Amino acid sequence: MWKLGRFLFVRLGTILTLAGGVWGLTSTLALAKTSKADQVKAAYIMDAKSGQAVYTQNADEKLPIASLSKLMTLYLVEKAVQSGQIKWTDQVPIAKNVRKMAESSTLSTMPMAAKDQFTVRQLFAATLVGSSNSSAIALGELVGGSNQAFIAKMNQQAKKWGLAATFVSASGLDNTDLTTYHLNLPKTSAKAQNLVSAKAITTIAQHLVTEFPEIVTVSNQSAVKIHDYRVPTSVLILKGQRYYDARVKVDGLKTGYTDQAGGCLVATYKQNGRRMIATTLGSKWKFTANNNLRWRLKQQEVYHQVAPSTIQYRVPGTKTTLTLVATGQTQAWENTQSSLQATKVSAIKIQRNQPNYLATQTTVMRLRLTDPLSGTTQTIAYRTPTAVSLAGPLQWATSAATPQRLNIQLAFAD
């Protein structure tokens, strides 16, 4: 039998959440005094498969994210290909104002001469690897039918996922640049820009890498060649790039920068064999800040069993012991700095003078887990794997049983 005290730990200042049957571990840990290179406005680190938040900092505030916005654009392009609306080999019509933007020395990473034709696949790679603004806009106009209609799709998708996000641009440029090329949305302010939370953009990246895992292969390139153009990566923490850190290897995904947004980065990597996504927003040193945050967490975090998947539970007031099975995920990322307090609470009402029948998947006991530092409480349900009858009459204790706070080391001891 598993001993919960052996496996259940959380970091200092941590909140343990259980949503949709998946463990979430949200750190509000204030890092030790950091240098300016490590300072960010917001951060979010997620396990891509489980959705568990391993670290959060100001994660729900909508902030400028610059070219990280292109991740939503690329997701909608992937969905359009998946649905058969477009093909990777389709040539993309490019409007004159979009080609003109591609001539800009400050806004363009790939020229688009009038004679050049580009496929969906080529512009997808230019958008992801080189952060080409013109490529992102052209793809958006292809999928949406117009720039304005595509941005409406971006906002609709964000609403569908329940994200804290407002988009006015397929590229991440703000209206101070878009207006020059008549790409600003009607009735938006002169300085309007995409505003998206760290949690929201990480969630978008999660959908990309889980639904379309090949995107990591595309992003993990030092450059892509399109026609005669070499489009270098903007993700300078990839292997072979200037800010690569071998301690926390990265294989993608996207950068962003504007004066308003500061340095923004979504990085994908693996730790303990798990696909992770780390987002930092509003930094002065976007590569250093992201690298250092991932390194600190790597030193603290372990992915392992945090609660028993099966327990033997004595039904209160009876001599009956049941085998119960936990619902949801019992493995998670954890830190060993502060343990949870566990309380077992009976979830069934026993009839005293007649047989009691428990159907399959009846919740018999709930394990309430309380963070002693934050006071936050979450619950795991334990259920019957098969139907069972409890014979009566039953002998009850002389007083009503009340939930009892348990020592974490004895949570499942007989």
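Nothing here was measured: the structure is a model prediction, and the numbers come from that model.

What counts as what
Residues numbered from 1 in each chain as written. Predicted model: local features only at pLDDT ≥ 70, side-chain atom pairs only at ≥ 80, totals over all residues. Heavy atoms only, no water. Helix = DSSP H or I, 4+ residues; strand = E, 2+ residues; numbered from the N terminus. Buried < 20%, exposed > 50% of the residue type's maximum accessible area, 1.4 Å probe, protein only. Contact = heavy atoms within 4.5 Å. Areas by Shrake-Rupley, 256 points an atom, 1.4 Å probe, with all protein chains shown as cover. Phe/Tyr/Trp six-rings, centres within 6.5 Å; stacked < 30°, edge-to-face > 60°. Lys NZ or Arg CZ within 6 Å of the ring centre and 35° of its normal. Lys, Arg positive; Asp, Glu negative; His and termini not counted. Salt bridge = Lys/Arg side-chain N within 4 Å of Asp/Glu carboxyl O. Axes fitted to C-alpha atoms, helices over the stretch in contact; angles between N-to-C directions. Left-handed = near helix turned anticlockwise from the far one by under 90°. Core = buried A, V, L, I, M, F, W, Y, C linked by side-chain atoms within 4.5 Å. Pairing = 2+ DSSP bridges.

Caption draft 1: Layout of the overall build of the protein. What the protein contains, in helices and strands, is 10 helices and 22 strands. Burial status across the protein gives 52% buried among its 414 residues. Considering only residue pairs separated by 6 or more positions, the protein has 67% of its internal contacts joining residues 24 or more positions apart. Entry remark: accessible area of the protein is about 18900 Å², with carbon and sulfur atoms responsible for 50%.

Caption draft 2: Region of the structure containing the packing of aromatic side chains. One pass over the full model with this rule turns up four aromatic pairs. Between tyrosine 75 and tryptophan 161, the ring centres sit 4.9 Å apart and the planes meet at 65°, which makes this aromatic pair edge-to-face. With tyrosine 75 in helix 2 (residues 70-83) and tryptophan 161 in helix 6 (residues 147-161), this pair connects stretches of sequence that are 86 residues apart. Seen from their ring centres, tyrosine 243 and phenylalanine 287 are 5.2 Å apart, and the 20° between their planes marks the pair as stacked. Of the two residues, tyrosine 243 is situated in the loop between strand 9 (229-232) and strand 10 (252-258) and phenylalanine 287 in helix 10 (residues 286-300); the sequence distance between them amounts to 44 residues. Classification of phenylalanine 287 as buried rests on a relative accessible area of 8%. Looking at arginine 294, its charged tip hangs above the ring of tyrosine 269, at a distance of 5.3 Å from the centre.

Caption draft 3: Here's a closer look at the side chain of glutamate 78. When you line up the elements, glutamate 78 lands in helix 2. For glutamate 78, which is buried and forms no salt bridge, the nearest opposite charge comes from arginine 121, at a distance of 8.2 Å. Once residues lying within four places of it in the same chain are set aside, the contact partners of glutamate 78 are Trp88, Phe124, Leu208, Phe212 and Glu214.

Caption draft 4: Just the packing of helix 2 against helix 8 (residues 198-211), in detail. Between helix 2 and helix 8, the shortest axis-to-axis distance is 9 Å and the interhelical angle comes to 30°. Where helix 2 crosses over helix 8, the two elements pack in a sense that is left-handed. Where helix 2 approaches helix 8, its residues Leu71, Met72, Leu74, Tyr75, Glu78 and Lys79 are matched on the opposing element by Ile201, Ile204, Ala205, His207, Leu208 and Glu211.

Caption draft 5: Representation of the nonpolar core within the structure. Of all hydrophobic cores here, the largest spans 76 residues; its most connected members are Met110 and Phe167. Element by element, the count of residues in this core is highest for helix 2, at eight residues. Setting aside residues no more than four positions away along its own chain, phenylalanine 167 makes contact with Ser69, Met72, Ile151, Met154, Asn155, Ala158, Leu185, Asn194, Val196 and Ile204.

Caption draft 6: Spotlight on the sheet that holds strand 3 (residues 42-47). Strand order in the open sheet formed by five strands is 4-3-12-11-10, and the pairing between neighbours is antiparallel. What marks the edges here is a single partner per strand, and that holds for strand 4 (53-57) and strand 10. Each adjacent strand pair in this sheet contributes to an overall mean axis angle of 10°, direction not counted. The sheet contact formed by strand 11 (residues 262-271) and strand 12 (residues 274-283) spans eight bridges and is antiparallel. By the bridge assignment for strand 12, tyrosine 269 is matched with methionine 276.

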